[in-house]
Amino acid sequence: MVRKVRVRFAPSPTGPLHMGGVRTALFNYLFAKRNNGKFILRIEDTDQTRYVQGAEDYIIESLKWCGIEIDEGIEEGGAYGPYRQSDRKEIYSEFAERLIESGNAYYAFDTPEELEAMRERLKEEKNSVQQYNPLTRKGMRNSLTLSEEETNKLLKEIPYVVRFKMPEDEEIIVEDIIRGTVKMHANQLDDKVLFKSDGMPTYHLANVVDDHLMKISHVIRGEEWLPSLPLHVMLYKAFGWEETQPEFAHLPLLLKPSGKGKLSKRDGDALGFPVFPLEWVDSKTGEISRGYREDGYFPEAFVNMLALLGWNPGTEEEILSFRDLVSSFDLKKVHKAGAKFDHEKAKWFNHKYLKTQSDEKLTRQYQNDLKERGIQVEDSYVIKVVGLIKERANFVSDFWEQSYFFFQAPTEYDPKVVKKRWKENTPEILQELKIKLEELETFNYHDIEKAVQDFLEGKEFGMGQVMNPFRLTLVGAGIGPGVMEVAELLGKEETLKRLQAGIDNIQRQ
Ligand code: GLU
């Protein structure tokens with residue numbers, strides 16, 4: 001029987017979602033959509049000490065911004081809810097008990113001091129591992145070493161945890177879709193705590209129980225969870241759920257641009273790019289971490305960039321819409337090696353997407369910026385400006401520096417350009433040009449071009465000697481689109497006014 005594809009993204013609300021987390025969500029989503037499956041959001045908040053206010057909303061908003069639609073989750077509901085682990089609290093103790101009954105888990109009463117003493121002893125005896133495991137558990141206070149009577153008494157009197165009884169001498173073999181066969185020996189593993197003294201399950205128990213109850217078919221998560229895989233597989237076995245155990249796929253790490261080490265939450269601020277999808281304000285310290293959204297990235301560009309970190313469709317094509325991603329996504333093509341994040345490439349993606357946006361949409365966005373600068377201009381003018389400059393920008397926030405001169409006449413002139421371009425005879429040349437332009441009845445690109453060409457006929461100076469200083473008078477600097485395009489858009493009156501102002505005010509240097 002072919003299994004229905006059901007995948008989950010299971011973040012812990014311990015802070016803002018890192019872009020690596022968004023990529024995990026994205027790969028889950030793409031895999032689900034590719035296979036007509038369901039994408040589930042499960043909030044894993046059993047570690048109450050690490051809970052951060054606002055993180056859950058942040059996760060949901062981030063997914064929404066990226067266009068990742070949740071089929072089942074806290075807001076959406078679904079047949080396998082609740083979808084927040086703290087709301088499923090009652091479920092887990094029953095499963096912990098089941099494991100105790102079947103002899104796969106036990107109660108442990110050791111105090112933190114006793115645990116520490118055990119570790120110290122092992123260190124002194126030069127043991128390479130200092131763990132609670134099949135060997136050491138024999139000398140500790142637990143339901144395996146105590147009588148039933150003592151155990152029952154302690155259960156009522158002091159805090160306890162439930163530990164997994166890791167079998168001895170067992171080889172654990174699992175197939176990972178990305179990594180192939182993963183082998184591990186039980187002797188290297190410890191008796192992990194499954195249920196804590198605060199009445200909450202640990203990640204391992206809750207995760208496995210929920211994946212089972214929610215009928216998850218594939219667990220797709222970051223490589224950092226690979227060390228937990230053998231324990232999870234042992235848990236499936238202990239519960240007798242081998243038949244329906246999900247398939248596993250552990251995604252490669254995202255690496256720093258240097259390729260050295262994992263891209264961490266701190267890197268963004270240090271290396272000058274965001275590592276979070278949205279801006280995050282730490283409610284305790286007030287510290288602000290940058291977000292791709294606030295930095296002006298289009299969600300489509302962000303998603304496209306993320307999708308290609310650790311995967312590609314096997315073609316040279318890099319610009320892939322959501323639909324393209326869904327139709328070509330294949331977990332088997334995900335790489336094993338870590339994926340280096342490249343900020344320049346991220347900007348390149350945004351540039352590509354910016355160029356495909358309609359001038360109307362970009363105009364709407366640019367108008368917000370202009371308004372904030374106190375500039376009120378008709379959309380019909382702004383749209384033309386946008387059409388001229390969008391090729392040169394990575395972000396809408398770059399528009400101003402590429403086009404401020406369309407909205408205000410220069411009040412100063414870039415001295416470097418003046419020095420290079422403003423010659424002794426320049427005022428005279430421009431004065432003559434101005435007369436030519438004044439004669440024009442219509443003032444479009446072709447008229448201006450023709451006027452300049454006529455003007456140059458028979459002159460001993462070339463185009464550059466006219467156009468460069470002409471640009472300086474219009475723009476105040478050596479930047480911008482073609483001079484004639486600038487002049488056309490500024491219109492005859494404004495062009496002539498600026499030309500004259502330049503002639504009058506620019507001092508040769
Ligand atoms: N709660 C874990 C996390 O924060 C989930 C790991 C998993 O997907 O199993 O990433």
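Bear in mind that the values here come from a model prediction, so they are computed numbers and not experimental data.

Draft legend 1. How the structure looks around the packing of helix α16 (residues 426-438) against helix α17 (residues 445-456). Where α16 contacts α17, the two axes come as close as 10 Å, and the packing angle between them is 130°. As summarised for this structure, α16 and α17 are arranged oblique, according to the angle between their axes. Remark: the crossing between α16 and α17 carries right-handed chirality. Between α16 and α17, the contacting residues are I429, E432, L433, K436 and L437 on the first element and I448, A451, V452 and F455 on the second. Looking at side-chain class alone, the contact of α16 with α17 contains seven nonpolar, no polar and two charged residues.

Draft legend 2. How the structure looks around the nonpolar core. Counting 110 residues, the largest nonpolar core has M19, F39, F407, L437 and F470 as the members making the most contacts within it. It is helix α1 (residues 19-34) that provides the largest number of residues to this core, a total of nine residues. In this structure, F95, F164, V208 and L226 belong to the second largest nonpolar core, which totals 40 residues.

Draft legend 3. Just the sheet that holds strand β3 (residues 105-108), in detail. Taken together, the three strands give an open sheet; going across it, the order is β3-β4-β7, and neighbouring strands pair in antiparallel fashion. Across the chains shown, the open sheet's two edge strands, defined by having one partner strand only, are β3 and β7 (193-195). Across the sheet, the axes of successive neighbouring strands diverge by a mean angle of 45°, strand direction being ignored. Sheet analysis places strand β4 (residues 161-164) next to β7, joined by two bridges and oriented antiparallel. For V162, the partnering residue across the bridge sits in β7 and is F195.

Draft legend 4. Inspection of the site of the ligand at higher detail. All residues adjacent to the ligand are R8, A10, S12, E44, Y203, N207, R221 and W225. A distance of 2.8 Å separates a nitrogen atom of the ligand from a polar atom in the backbone of A10. Surface burial for the ligand is 84%, taken as the share of its 300 Å² of free accessible area covered by protein chains. Here the shell around the ligand is composed, by residue class, of three nonpolar, two polar and three charged.

Draft legend 5. Focus on helix α18 (residues 463-475). Taking 1.5 Å of rise per residue, the 13 residues of α18 would be expected to cover 18 Å, and the 18 Å separating its terminal C-alpha atoms lies within 8% of that figure. Listed in full, the buried residues belonging to α18 are V466, M467, P469, F470, R471, L472, T473, L474 and V475. Check the buried side of α18 and you find it contacts α15 (415-421), α16, α17, α19 (483-490) and α20 (492-505). One or two positions beyond α18, positive phi appears at G476, with a value near 90°.

Draft legend 6. Summary view of the environment of T145. Here T145 lies in the loop between α4 (112-124) and α5 (148-157). Taking the C-alpha atoms as reference points, T145 and W348, separated by 203 residues in sequence, lie 63 Å from one another. Not counting chain neighbours up to four residues away, the residues in contact with T145 comprise R137, K138 and M140. Within the local environment of T145, its side chain forms a polar contact with the backbone oxygen of M140, the two atoms lying 2.6 Å apart.

Draft legend 7. View of helix α12 (residues 359-372). Compared with an ideal rise of 1.5 Å per residue, which puts 14 residues at 20 Å, α12 spans 20 Å between its outermost C-alpha atoms and is within 8% of the ideal. For α12, the full list of buried residues reads L362, T363, Y366, Q367, D369 and L370. Contact partners of the buried residues in α12: α11 (343-356), α13 (379-389) and α14 (399-403).

Criteria and thresholds
- Residues numbered from 1 in each chain as written.
- Predicted model: local features only at pLDDT ≥ 70, side-chain atom pairs only at ≥ 80, totals over all residues.
- Heavy atoms only, no water.
- Axes fitted to C-alpha atoms, helices over the stretch in contact; angles between N-to-C directions.
- Helix = DSSP H or I, 4+ residues; strand = E, 2+ residues; numbered from the N terminus.
- Parallel < 35°, antiparallel > 145°, perpendicular 65-115°, else oblique.
- Left-handed = near helix turned anticlockwise from the far one by under 90°.
- Contact = heavy atoms within 4.5 Å.
- Nonpolar A, V, L, I, M, F, W, Y, C, P; charged D, E, K, R; others polar.
- Core = buried A, V, L, I, M, F, W, Y, C linked by side-chain atoms within 4.5 Å.
- Buried < 20%, exposed > 50% of the residue type's maximum accessible area, 1.4 Å probe, protein only.
- Pairing = 2+ DSSP bridges.
- Near = heavy atom within 4 Å.
- Polar contact = N/O pair within 3.5 Å; in protein donor to acceptor, adjacent residues only side chain to side chain.
- Areas by Shrake-Rupley, 256 points an atom, 1.4 Å probe, with all protein chains shown as cover.
- Expected span 1.5 Å × (residues − 1).

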